[in-house]
Protein chains: 2
Amino acid sequence: MPLQTRLTDALGIEHPILLAPMDLVASGQLAAVVSRAGGLGLIGGGYGNAEWLEQEFAAAGNAKVGCGFITWSLARKPELLDLVLRYQPVAVMLSFGDPTPFASKIKESGAKLICQVQSLAQAKEAAAAAADILVAQGTEAGGHGVTRTTLTLVPEIVDAFPGVPVVAAGGIADGRGLAAVLMLGADGALMGTRFYASQEAQGHPEAKQRIIEARGDDTLRSIVFDISRRNIWPQPYTGRVIRNAHAGRWYGHEAELLEHQHEEAQRYTEARERGDFDVAAVIAGEAVALIHSAPPAAEIVDRIILEAEARLARGTRLIVS
Amino acid sequence: MPLQTRLTDALGIEHPILLAPMDLVASGQLAAVVSRAGGLGLIGGGYGNAEWLEQEFAAAGNAKVGCGFITWSLARKPELLDLVLRYQPVAVMLSFGDPTPFASKIKESGAKLICQVQSLAQAKEAAAAAADILVAQGTEAGGHGVTRTTLTLVPEIVDAFPGVPVVAAGGIADGRGLAAVLMLGADGALMGTRFYASQEAQGHPEAKQRIIEARGDDTLRSIVFDISRRNIWPQPYTGRVIRNAHAGRWYGHEAELLEHQHEEAQRYTEARERGDFDVAAVIAGEAVALIHSAPPAAEIVDRIILEAEARLARGTRLIVS
């Protein structure tokens, strides 16, 4: 049965589940499957590549999808926003940077403006830019993020902006997590790692396998992989990945890694090309703790909704009258 | 109305709320008030001081309370466990270290053995020591902790040890947080910072005021305050505190602080004595985001239960039939 919140109303979707726009991994096909299953798929615009975006919007076909960008990167290639808006996306999500320069163009196109934030301070900036939806992303998330956790960031932002739907991101991979963030006052959940380990995700099979095998203690947040791929982000962002031999060698030795950046970056690129994840990073969040298979994405959506509804129904039975 | 879980059954209490045994702050009086309100108060045994413990058990009077210890510190003064067991506590909670050497003595006394863990690996150790209750503590917690977050650590431990009641700790300060962790499969919540900001907590009024005023973005996890008070913990533990001028000066400059430890430790001790919290740390978690007053502790318990029950009751109404 559908789960109705302010998020499903705002986006005209059946279930309060968003696919995180994971760079390269959240393909047009994956986004379309999540949307057709009742959620909203966001294509991973990431650092931005016109050809890839055109190809993935074509792959999404007539499914209603959205697209997400890394804001500080989009600021260097603002023409990509125009390209995406021509596809009339349901929503455009901006993360990691000031959304203000892009806000009015997105909203005037008819797309909803979704702003992902990692702190109360950033939420204030996004609300000032008239975000239609705020995504509160905790440090448990895979890939780039900061230090606040989902469990306190979500209710703090809900309290601060009572008129704006809030979506929780980071650490959610099943119906328990969705039910939990609904209790916190969130209107839905955005999930990345959970959909990375799906049949349709555009990721290496070995990367998906590592997500399935990893336990929650196996991820770490650092700048090792950004240094290794010559892609150092502005502060305060760091990236969460699954610990591997390369991370084990360099975690806590970032200054030394910078001294060896030339050879290590070459090694890293080669490893990524041949799918060697002892060196290349699998970008994934702490929610790997809860992921044990890579089924079709539509099945993931169905399972999460069923489990969340079962948990919600059971909750009242804890109260002894 | 009572909220019944495996935790309330195991401890014979009315509500699934535990007072975190905060060193010096969780006094006998505070523990007694939390227990009389239907939860379980745990006296903050901390680093351990016989005189203080005797005084606080006396202050708790005939209330049924428990006591918590820092395990690696207790290993240096094991006689304190005998002292505490003479008071027939409901439970003894061990955190930060291997519980094995103390487990059987605690259980044979009739007290429940509560083990707080910060990772799946530690949970395995605690389960092997036959812990009656596991507390899964996320990095959002105030004071010492590690890096895993409550949102993923709780369900991972619930899945790994289905026969053991699991309590969530870190980031919980209201009924929303309690309802959320119940959805994750936890059997209750342990709260520290929330009860620090209570009338009965044995804390400086100015420290309570800083908890009330802080936003969630204002805490940080580091080893600055441990260096400053000459109390460096074993790895991997770090301490979360409210950011102040002293933390701002030294965070990220820990090696330099170590070089100046002699004068800084003296400055720190003096500041703590005169209640100068621009230098001395207020030990508190990210849940400061959700704390806006310091009422009587019994009122805190009542409010949390009322709010959790209201949330749980509302959850099913999100399902559209």
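Please read these numbers as outputs of a predicted model, since none were measured by experiment.

**Q** Provide a residue-level description of the relation of the copies chain A and chain B, including the pertinent values.
**A** Between chain A and chain B, the superposition needs a rotation of 180° and an axial shift of 0.0 Å, giving an RMSD of 0.0 Å. Viewed as a symmetry operation, the transformation between the two copies matches a two-fold axis. Ranked by how close their C-alpha atoms come to the rotation axis, the residues of chain A are headed by Ala-180 of chain A, at 2.0 Å.

**Q** How would you summarise helix 7 (residues 120-128) of chain A if you had to cite specific residues and measurements?
**A** Buried within helix 7 of chain A are the following residues: Leu-120, Gln-122, Ala-123 and Ala-126 of chain A. Angular distribution of buried residues about the axis of helix 7 of chain A spans 150°; they occupy a single face of the element.

**Q** Can you lay out the side chain of Thr-152 of chain B for me, pointing to particular residues and giving the numbers?
**A** With respect to the helices and strands, Thr-152 of chain B occurs in helix 8 (residues 150-160). Within the structure, Thr-152 of chain B has its side chain in polar contact with the side chain of Glu-286 of chain A (distance 2.4 Å). Among all residues touching Thr-152 of chain B, those that are not within four sequence positions of it are Gly-171, Glu-286, Ala-287, Ala-289 and Leu-290 of chain A.

**Q** Residue-level account of the sheet that holds strand 7 (residues 143-145) of chain B, with values.
**A** Residue and element names in this part refer to chain B. The strand order 7-11-10 describes an open sheet built from three strands, whose pairing is antiparallel. One side of each edge strand has no neighbouring strand; the edge strands of this open sheet are strand 7 and strand 10 (219-222). Strand-to-strand twist across the sheet, computed as the mean angle between neighbouring axes with direction ignored, equals 30°. Direction of pairing for strand 7 relative to strand 11 (residues 238-242): antiparallel, over a ladder of three bridges.

**Q** Can you lay out the domain arrangement of chain A for me, pointing to particular residues and giving the numbers?
**A** Residues and elements named next belong to chain A. Domain boundaries assigned for chain A yield domain 1 (6-201 + 294-314) and domain 2 (205-274). Computed from C-alpha coordinates alone, the two centres of domain 1 and domain 2 are separated by 24 Å. For the domain 1 and domain 2 pair, buried surface summed over both sides reaches about 1500 Å², with 60% attributable to carbon and sulfur atoms. It is Trp-72, His-144 and Tyr-196 in domain 1 that bury the most area against domain 2; as a group they hold 34% of the surface buried on that side. Counting across the domain 1 and domain 2 interface gives zero salt bridges. Scanning the region where domain 1 abuts domain 2 turns up 16 residue pairs in polar contact (both at pLDDT 80 or more). Residue assignment for the side of domain 1 that touches domain 2 shows that the elements contributing at least two residues are strand 7 (143-145) and helix 10 (193-196). Broken down by element, the side of domain 1 that touches domain 2 gets its largest block of residues, three residues, from strand 7.

**Q** Explain the interface of chain A and chain B to me, and be specific about the residues and the numbers.
**A** Between chain A and chain B, the residue contacts involve 48 residues of the former and 48 residues of the latter. Carbon and sulfur atoms supply 64% of the area buried between chain A and chain B, which totals about 4000 Å² over both sides. A per-residue breakdown of the area chain A buries against chain B is headed by Leu-151, Met-183 and Leu-318 of chain A, which together make up 18% of the total. In this structure, the connection of chain A to chain B is made through six salt bridges. Residue Arg-148 of chain B is joined to Glu-286 of chain A by a salt bridge in which the shortest nitrogen-to-oxygen separation is 3.4 Å. Across the contact surface, chain A and chain B share 26 residue pairs in polar contact (both at pLDDT 80 or more). Mapped onto the side of chain A that touches chain B, the elements with two or more residues apiece are helix 7, helix 8 (150-160), helix 9 (175-183) and helix 16 (297-315) of chain A. Its residues assigned to classes, the side of chain A that touches chain B comprises 22 nonpolar, 16 polar and ten charged.

**Q** Kindly report on the pattern of salt bridges, identifying the contributing residues and their values.
**A** Inspection of the entire model under this criterion finds 32 salt bridges over all chains. Close ionic contact of Glu-299 of chain A with Arg-303 of chain A constitutes a salt bridge, the shortest N to O distance being 3.2 Å. Of this pair, Glu-299 of chain A and Arg-303 of chain A both sit in helix 16, four residues apart, which is roughly one turn of the helix. For Glu-299 of chain A, a relative accessible area of 36% corresponds to the partly exposed category. For Arg-303 of chain A, a relative accessible area of 41% puts it in the partly exposed group. With a shortest N-O distance of 2.9 Å, Asp-278 of chain B and Arg-210 of chain B are connected by a salt bridge. Placement of Asp-278 of chain B in the loop between helix 15 (261-274) and helix 16 (297-315) and of Arg-210 of chain B in helix 11 (residues 205-213) is noted, with a sequence separation of 68 residues between them. Classification of Asp-278 of chain B as partly exposed rests on a relative accessible area of 38%. Note on Arg-210 of chain B: relative accessible area 22%, which makes it partly exposed.

**Q** Lay out empty space enclosed by the protein in plain terms, naming residues and giving numbers.
**A** If a probe the size of a water molecule is rolled over the atoms, the empty space left behind becomes visible. For the structure shown, the criterion picks out two cavities of 30 Å³ or more. Roughly 60 Å³ of volume is contained in the largest cavity. Lining the largest cavity we find Leu-220, Ser-222, Val-224, Phe-225, Val-241, Asn-244, His-246, Ala-247, Tyr-268, Val-279 and Ala-281 of chain A. Those elements that place two or more of their residues in the lining of the largest cavity are strand 10 (219-222), helix 12 (224-228) and helix 13 (245-250) of chain A. Taken together, the residues of the lining of the largest cavity break down into eight nonpolar, three polar and no charged. Space inside the second largest cavity adds up to approximately 50 Å³. Lining of the second largest cavity is provided by Ser-222, Val-224, Phe-225, Val-241, Ile-242, Asn-244, His-246, Ala-247, Val-279 and Ala-281 of chain B. Mapped onto the lining of the second largest cavity, the elements with two or more residues apiece are helix 12 (224-228), strand 11 and helix 13 (245-250) of chain B. A breakdown of the residues in the lining of the second largest cavity according to their chemical character gives seven nonpolar, three polar and no charged.

Cut-offs applied
- Residues numbered from 1 in each chain as written.
- Chains lettered and ligands numbered in written order.
- Predicted model: local features only at pLDDT ≥ 70, side-chain atom pairs only at ≥ 80, totals over all residues.
- Heavy atoms only, no water.
- Least-squares fit on C-alpha atoms with pLDDT ≥ 70 in both.
- Buried < 20%, exposed > 50% of the residue type's maximum accessible area, 1.4 Å probe, protein only.
- Helix = DSSP H or I, 4+ residues; strand = E, 2+ residues; numbered from the N terminus.
- Arc of directions from axis to C-beta.
- Polar contact = N/O pair within 3.5 Å; in protein donor to acceptor, adjacent residues only side chain to side chain.
- Contact = heavy atoms within 4.5 Å.
- Pairing = 2+ DSSP bridges.
- Axes fitted to C-alpha atoms, helices over the stretch in contact; angles between N-to-C directions.
- Domains from an automatic or database assignment.
- Buried area = accessible area lost by both parts, 1.4 Å probe.
- Salt bridge = Lys/Arg side-chain N within 4 Å of Asp/Glu carboxyl O.
- Nonpolar A, V, L, I, M, F, W, Y, C, P; charged D, E, K, R; others polar.
- 1 Å grid on protein atoms, 1.4 Å probe; cavity = no way out; pocket = protein on both sides within 12 Å on 5 of 7 lines; lining within 4 Å.
- Points joined across faces, edges and corners; volume = space filled by probe spheres on them.

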